[in-house]
Amino acid sequence: MEPLSITKNAGTAVGAPDEEALGLIARFTRSTPKAEDLYIFTVTLCDNEIDRDNERFSVEALQTLSELFVGVTGIFDHSMKSSDQTARIYKTQVIRDESKLTSYGEPYVRLKAWCYMLRTPKNQELIDEIEGGIKKEVSVSCSVQAKLCSVCGHDLRSHECCHAVGETAQGKTCHAILSEPTDAYEWSFVAVPAQKNAGVSKSMRKIASTKKQDTTVSGKTPEDIMKAAVAAGGNVSLTPSQLQAMASYLEIMKSDAALVKEQRQDAEKDVLALAAFTLPEADTVMLGEMLGKLSSREIEMLRKALGARGDALTVCTPAFRQEDGKAAPDNSPFKI
Ligand SMILES: [Zn+2]
């Protein structure tokens, strides 16, 4: 029998164990469990929605976690460490809800867990709290191998990614996609969950990494920062002000480049116009193609040369001239 949900946010549900549940639970108990001794409830461990830390699990990660969390015990308070006060996950399932979309537009996927605990007098208070909907927010503790950038897809800790979680890039707010889980440590009920829907928070444990440590580079000007970064020869990290300096520098370079491009286009037009006048035999289409291969300086040189030649051709001796060298006020010298 499917446990009955009694909470609004699918955090916790209760029910009695059926044959299948008893069989699964038996893998974790020394003696054969009896239905009347067990209390069953479900929790949503985590999902693929972006949480308050701007992080979310990938669907593949939820799939891996669904295997890793089977058999993992829950922590309710520190006294729960003793064996008779343990809630344990005996079954998990990744549930995809096509009718509900995440904030970034993909179907909502959550990792649901079925848990059991012994019906002991010590556990009664907790059972009452679960049934009353007081205990419903769950936190998971696990380790992941990768924290991928939602904008570029690279690991946020790698030098290939230049984004920061929370900042807007390419019209999207950058968040971390927690991927490749390697271990599931524990889960517990908490007061304030990090994840919006599931009411789940997660604590990330530091994981052993073979990645090289980033080198912090010194330097304030973009040139100094670039030199130091190249000299470091590996993964480097920049301070926010260094990043800002590089970003401003790039902006200036971009606007300069746009100006240079405009000037070059003007110069090319001039060269073509001058060539039509001074080198009428030249094929203008071929000339245009040739210009495309020249540097801006070469085009400028050509413009000057053709301009000078054009001037020379324009200054021509009049066909008729008066004796005193002055141009006639009327056209009489031209009359025959
Ligand atoms: Zn990135």
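Residues numbered from 1 in each chain as written. Predicted model: local features only at pLDDT ≥ 70, side-chain atom pairs only at ≥ 80, totals over all residues. Heavy atoms only, no water.

What is the right way to look at the overall build of the chain in this model?
Within the chain, the regular secondary structure consists of 7 helices and 14 strands. As displayed, the chain offers around 20200 Å² of accessible surface, 55% of which is attributable to carbon and sulfur atoms. (Helix = DSSP H or I, 4+ residues; strand = E, 2+ residues; numbered from the N terminus. Areas by Shrake-Rupley, 256 points an atom, 1.4 Å probe, with all protein chains shown as cover.)

Could you clarify how one ought to interpret the coordination of the zinc ion in this entry?
Geometrically, a metal with four donors at the corners of a regular tetrahedron has ideal angles of 109.5 degrees, and one with six donors at the corners of a regular octahedron has ideal angles of 90 or 180 degrees. Summarising the metal site, the zinc ion is bound by the protein donors Cys149 (SG), Cys152 (SG), Cys161 (SG) and His163 (ND1), whose distances to it range over 2.1 to 2.4 Å. For the zinc ion, the 4 donor atoms in the first shell make angles of 102 to 117 degrees at the metal, a pattern classed as tetrahedral. Read N to C, the donor residues that coordinate the zinc ion are spaced as C-x2-C-x8-C-x1-H. Linking Cys152 in the loop between β8 (138-149) and β9 (168-169) with His163 in the loop between β8 and β9, this pair joins segments that are 11 residues apart in sequence. (Donors = N, O, S within 2.8 Å, 3.2 Å for Na, K, Ca; no water. Tetrahedral: all angles 85-135°; square planar, octahedral: opposite > 155°, others 65-115°.)

What exactly am I supposed to notice about the pairing of strand β7 (residues 107-118) here?
Of all the 12 residues making up β7, 11 are buried; the element is thus mostly covered by neighbouring parts of the structure. In terms of strand pairing, strand β3 (residues 38-47) meets β7 through 9 bridges, oriented antiparallel. When the bridges of β7 are listed, Val43 appears paired with Ala113. (Buried < 20%, exposed > 50% of the residue type's maximum accessible area, 1.4 Å probe, protein only. Pairing = 2+ DSSP bridges.)

Whenever I open this one, helix α5 (residues 240-278) confuses me. Can you help?
Think of an α-helix as turning once every 3.6 residues; residues three or four places apart then point the same way. The end-to-end C-alpha distance of α5, which contains 39 residues, comes to 56 Å, matching closely the 57 Å that a straight helix rising 1.5 Å per residue would cover. Inspection of α5 places Gln242, Met246, Ala267, Val271, Ala275 and Thr278 among the buried residues, and these make up the whole buried set. (Expected span 1.5 Å × (residues − 1).)

Looking at this model, I keep getting lost on helix α3 (residues 121-131). Mind explaining?
Of the positions making up α3, those classed as buried are Asn123, Leu126, Ile127 and Ile130. Mapping the buried residues of α3 onto a view down its axis gives an arc of 105 degrees, with all of them on the same face. Facing away from the buried side of α3 by more than 90 degrees, the exposed set consists of Pro121 and Glu125. (Arc of directions from axis to C-beta.)

Explain the side chain of Thr278 here, please?
Structurally, Thr278 is set in helix α5. Given a relative accessible area of 6%, Thr278 falls into the buried group. Filtering out sequence-adjacent residues up to four positions away, Thr278 remains in contact with Leu306, Arg309, Gly310 and Leu313. (Contact = heavy atoms within 4.5 Å.)

It is not clear to me how the nonpolar core should be interpreted in this structure. Could you clarify?
Where a protein is soluble and globular, its nonpolar side chains tend to be buried together. The biggest cluster of nonpolar side chains holds 29 residues, and the ones touching the most others in it are Phe41, Val43, Leu45, Phe57, Phe69, Met117 and Trp187. Where this core is concerned, the elements lending two or more residues are β3, α2 (59-68), β6 (87-101), β7, α3, β8 and β11 (176-189). Excluding residues that lie within four positions of it along the chain, Met117 makes contacts with Asp37, Leu38, Tyr39, Phe41, Thr86, Ala87, Asn123, Leu126, Ile127 and Ile130. (Core = buried A, V, L, I, M, F, W, Y, C linked by side-chain atoms within 4.5 Å.)

Explanation requested: the packing of aromatic side chains in the structure shown.
Geometrically, a pair of aromatic rings is defined through the distance of the ring centres and the angle of the planes. Applying the stated criterion across every chain, the model contains 3 aromatic pairs. Three or more aromatic residues joined by ring pairs form one cluster here, namely Tyr39, Phe41 and Trp187. The ring of Trp114 is capped by Lys91, whose NZ or CZ atom sits 4.3 Å from the centre of that ring. If you follow Lys100 out to its NZ or CZ, it ends over the ring of Tyr108, 4.1 Å from the centre. (Phe/Tyr/Trp six-rings, centres within 6.5 Å; stacked < 30°, edge-to-face > 60°. Lys NZ or Arg CZ within 6 Å of the ring centre and 35° of its normal.)

Looking at this model, I keep getting lost on unusual backbone geometry. Mind explaining?
Negative phi characterises most residues that are not glycine, and trans characterises most peptide bonds. Not every positive phi belongs to a glycine, and Asn54 is a case in point at roughly 60 degrees. Mapped onto the elements of the fold, Asn54 is located in the loop between β3 and β4 (55-57).

I keep staring at the pattern of salt bridges and nothing clicks. Help me out?
A side chain of one charge can pair with a side chain of the opposite charge if their charged atoms are brought near each other. Applying the stated criterion across every chain, the model contains 8 salt bridges. The salt bridge involving Arg96 is made with Glu98; its shortest N-O contact spans 2.6 Å. Exposure remark for Arg96: the relative accessible area of 49% places this residue in the partly exposed category. Within this structure, Asp270, Glu300 and Arg303 form a network of salt bridges that share partners. (Salt bridge = Lys/Arg side-chain N within 4 Å of Asp/Glu carboxyl O.)

Just to check I follow, could you spell out the pairing of β8 for this structure?
Regular strands place side chains that alternate from one sheet face to the opposite one. Burial runs high along β8: 9 of the 12 residues are buried. Looking at chain direction, β8 and β11 are connected through 11 bridges and run antiparallel. Note that in β11 the partner of Val140 across the bridge is Trp187.

Can you walk me through the environment of Lys220 in this structure?
The topology assignment puts Lys220 in the loop between β13 (215-216) and α4 (222-232). Accessibility expressed as a relative area gives 75% for Lys220, which makes it exposed. Separated by 23 residues in the primary sequence, Lys220 and Leu243 have C-alpha atoms spaced 9.8 Å apart. The residues touching Lys220, leaving out its near neighbours within four places in the chain, are Ile225 and Ala245.

Scope: geometric values only; no functional claims are made or implied.
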